[in-house]
Amino acid sequence: MTCRRLVLPVLCLLLAVLGTAGQAQAVGYRYWSFWDRNSTADTADTADTWVYATQGPSTARPSDGDVQGFRFSVSEDSKDSAMPRGAADFATICAKTSAREGSKRVGLVLDFGTTADAPSGSTPPRPRTACARIDGDATTADALAAVAKPLRYDTNALLCAIAGYPTTGCGEPVADDRPKAKASPGEEAEANSKPGNGDENGGPSVGLLAGIAVVAALGAAAVWQARRRRD
């Protein structure tokens, strides 16, 4: 009887750990991420040529011929953030915008994301490109203002909306149990290349295994103690 009283609570605790682990959901943030196009790229549309920007659009000062991108999505951080989609070579984006002395041309790729990333009740516009001709010392924010108004910022100067999208919200946390829209083959490949909450082979996480080990150890100790008292 003593053994049963000790073991059953331990088994219940183990089941609680397993159940809670299955229900745990990561939290991401819905926001516009900012990207630089790798100038050494030889192809027009290769995903790995995008590099997460190290500066914000209000301080970054692109050079003539640069290409920069913005992607609206839900992600935990820069390592998890989705890259802009679509053509991104400067020659194509700025083909109809001639050079002008005292100014520079910057190609912009604006990806409004998927329906899975959109705020409730919103439909993301189609991705598009734009060529901004701006002053030589202008920032990326100036380039956006030239071709993608209206822009919306919060009180901390965080970029909240490009071309009026989205109409509300700014970097708000989003639980990762939101409905998923059907992704294109390219989006599925991108998602499959990202690490999940488990190990590299898709198994349970290290934290979950550690929790199970601790509970198992407690159970073994309880059984041993019960047998010792009985003997």
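Refer to the preceding data block for the structure.
Visitor: Residue-level account of the environment of T92, with values.
Guide: Here T92 lies in helix 2 (residues 90-93). In terms of polar contacts, T92 uses its side chain to reach the side chain of D89, at 2.5 Å.

Visitor: So what about the state of the cysteines? Which residues, and what values?
Guide: One pass over the full model with this rule turns up two disulfides. A sulfur-sulfur distance of 2.0 Å marks the disulfide that ties C94 to C131. Here C94 and C131 share a disulfide; its torsion about the S-S bond, 100 degrees, makes the bridge right-handed. Here C94, found in the loop between helix 2 and strand 4 (103-111), pairs with C131, found in strand 5 (residues 128-135); they are 37 residues apart in sequence, far enough to count as distant. Neither residue differs from the other here; C94 and C131 are each classed as buried. Between the sulfur atoms of C160 and its disulfide mate C170 the distance is 2.0 Å. Looking along the S-S bond of the C160-C170 disulfide, the torsion reads about -75 degrees, which is the left-handed sense. Of this pair, C160 sits in strand 7 (residues 159-161) while C170 sits in the loop between strand 7 and strand 8 (173-175), and the two are ten residues apart along the sequence. Looking at C170, the relative accessible area reads 25%, which means it is partly exposed. For the protein, the disulfide bridges join cysteines in the arrangement 1-2, 3-4, where the cysteines are counted in sequence order.

Procedures and definitions
- Residues numbered from 1 in each chain as written.
- Predicted model: local features only at pLDDT ≥ 70, side-chain atom pairs only at ≥ 80, totals over all residues.
- Heavy atoms only, no water.
- Helix = DSSP H or I, 4+ residues; strand = E, 2+ residues; numbered from the N terminus.
- Polar contact = N/O pair within 3.5 Å; in protein donor to acceptor, adjacent residues only side chain to side chain.
- Disulfide = S-S within 2.5 Å.
- Buried < 20%, exposed > 50% of the residue type's maximum accessible area, 1.4 Å probe, protein only.

Coordinates in, geometry out; function isn't part of it.
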